[in-house]
Amino acid sequence: MPRALICGGGVAGLSSALHLKKHGWDIQIFEKDSELRTAGVGLNIWPNGVRVLKGLGLGEEFLSFAGAMERWWALDSDGTVTSDIDVSTWPQELSAPITGARRRRLNAMLADALEDGDIIFNTTAQSYTQTAEDVTVHFADGGSETGDLLLGTEGIGSKIRNQMLGGPPEFTDEGFVRWRGVFECAAAGVSTDVQADVYGANGHFGWIPIDATHAYWYGTLGGLSTFEEFRNEYNTWSSTPVPKIIAVSEPESILGREITHYKNHLPQWVDGRVALVGDSAHPMYPGMAQGANQALIDGQTLAQYLDDHPTVQEALHQFEKERMPVANKMVEYSRLHFSFEQTREEYRTAGSNLQIDRYMEFEN
Ligand SMILES: Cc1cc2nc3c(=O)[nH]c(=O)nc-3n(C[C@H](O)[C@H](O)[C@H](O)COP(=O)(O)OP(=O)(O)OC[C@H]3O[C@@H](n4cnc5c(N)ncnc54)[C@H](O)[C@@H]3O)c2cc1C
């Protein structure tokens, strides 16, 4: 049985492992932390991601705890509704709903579908060596493991990527801080099956239901960083639900994090028997809410190509050729949604939801 070494136990590593197992691979995940990632509040999982989960036999379980949307609003910060889209037909049209879920629930579900011993914690991948016959990953503690395939799924700080490229890539430094928190929908007077985005002159605020009672909000305002600054600015958006949502948020859930991605697309994702998957290959601003969805698709595509090609190297080459242009286009769209002033103007005049319009290009 061929053996895959997977460095990083996030959405990309866990889902790639499940796909590879389904295709007859022996897998081992090496995770640097002592437990699965719990940080990060919620994730929008779109029909493209839900379909991957369904393919893994996890669709029903996922939908039992995720929030599924019926409508998606876009508002101006002055309270004007710029679009109100019915997404309740997506399960029929796209074979899956658009959903929101707690990140830790998604990761726990993926990990539970693996077997005991599939994940080794407290193990930090540092570098790799390879021959025509196999590949070896070297760990920070001096240990190593050898297999047929190595996946760098360690996210934006990937060491496997650094070695592949001969050093770290350049990162964006635009000072965008993303604040987020969790609130009870009833307390804020918002529905549990509507997700919404509000666009102002220098920023954005959105919320997504993540289960039957709660939603998660996220907001970025260009040039601001502390929570007090954010709250003061958002309190001026008084014709929208935004001030109330922030006021009723669970205080311990409120987190701020600077977000970044690569200044340029990576020149390569593959080196012989080694491939980058998920954020290590294509981190993206959360503008399209697609990073985890694209990571789920990466793993599915990769496992299929390994079946379809006679050698690991040929399969990885095809994976890079096929997935790179698609994921990179999503990176560009995600970035576009962080040109706030422009986005606000576009929403005012478009009369449609640009995020949905752009997503639909990937469904066609
Ligand atoms: C604020 C915010 C909101 C977002 N919202 C959405 C959304 O709504 N929908 C969506 O689809 N995406 C969203 N994303 C993007 C999404 O979070 C990422 O695309 C996704 O988590 C990528 O998964 P990953 O497994 O590639 O990386 P990660 O989730 O970063 O996982 C990497 C794992 O590797 C481990 N690791 C790191 N280094 C090493 C090492 N050297 N050796 C071993 N293990 C290592 C880490 O501990 C971690 O467990 C959002 C991102 C942010 C920042």
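Located above this text is the structure these notes cover.
In what follows, the accompanying structure is described. None of the values given here were measured: they were computed from a predicted structure.

Notes on the overall build of the protein chain
Part 1: Counting its secondary structure elements, the protein chain contains 13 helices and 19 strands.
Part 2: In terms of C-alpha radius of gyration, the protein chain reaches 20 Å, essentially the compact-globule figure of 21 Å for 364 residues.
Part 3: The principal-axis extent of the C-alpha atoms belonging to the protein chain is close to 65 × 40 × 35 Å.
Part 4: Out of the 364 residues belonging to the protein chain, those deemed buried represent 47%.

A short note on the pairing of strand 16 (residues 214-221)
Part 1: Summarising burial for strand 16: 8 of the 8 residues are buried, a large majority.
Part 2: One ladder, built from 7 bridges, connects strand 13 (residues 177-184) with strand 16; its direction is antiparallel. Paired with Phe183 across the strands is Ala215, a residue of strand 16.
Part 3: As paired elements, strand 15 (residues 203-209) and strand 16 share 7 bridges and run antiparallel to each other. Note on strand 16: the bridge partner recorded for Gly203 is Leu221.
Part 4: Linking strand 15 to strand 16, which pair antiparallel, is a turn of 4 residues.

Brief notes about the site of the ligand
Part 1: Not every one of the 33 residues close to the ligand is listed here, only the nearest: Gly8, Gly10, Gly155, Gly278 and Gly291.
Part 2: Listed by contribution, the elements that provide at least two residues to the shell around the ligand are helix 1 (11-22), strand 3 (42-45) and helix 10 (291-308).
Part 3: Tallying contributions element by element places helix 10 first for the shell around the ligand, with 4 residues.
Part 4: Residue composition of the shell around the ligand, by class: 11 nonpolar, 14 polar and 8 charged.

Topic: the sheet that holds strand 11 (residues 144-147)
Part 1: Taken together, the 3 strands give an open sheet; going across it, the order is 9-10-11, and neighbouring strands pair in antiparallel fashion. Edge positions in the sheet fall to strand 9 (125-130) and strand 11, since each has one partner strand and no second. Each strand axis lies, on average, 20 degrees off the axis of its neighbour in the sheet, ignoring direction.
Part 2: Both strand 9 and strand 10 (residues 135-139) contribute to a ladder of 5 bridges, which runs antiparallel. Bridge pairing in strand 10 links Thr129 to Thr136.

What to know about helix 1
Part 1: Look at helix 1: 17 Å from first C-alpha to last across 12 residues, which is about the 16 Å you get at 1.5 Å a residue.
Part 2: With 10 of 12 residues buried, helix 1 lies mostly within the body of the structure.
Part 3: Along helix 1, the residues that are buried comprise Val11, Ala12, Gly13, Leu14, Ser15, Ser16, Ala17, Leu18, His19 and Leu20.
Part 4: Contact partners of the buried residues in helix 1: strand 1 (3-7), strand 2 (26-30), helix 2 (47-55), helix 5 (103-112), strand 12 (149-152) and helix 10.

Rules of the game
- Residues numbered from 1 in each chain as written.
- Predicted model: local features only at pLDDT ≥ 70, side-chain atom pairs only at ≥ 80, totals over all residues.
- Helix = DSSP H or I, 4+ residues; strand = E, 2+ residues; numbered from the N terminus.
- Rg over C-alpha atoms; globule rule 2.2 N^0.38 Å.
- Buried ≥ 20, exposed ≤ 12 C-beta atoms within 10 Å, placed from the backbone.
- Pairing = 2+ DSSP bridges.
- Near = placed C-beta within 6 Å.
- Nonpolar A, V, L, I, M, F, W, Y, C, P; charged D, E, K, R; others polar.
- Axes fitted to C-alpha atoms, helices over the stretch in contact; angles between N-to-C directions.
- Expected span 1.5 Å × (residues − 1).
- Contact = placed C-beta atoms within 7 Å.

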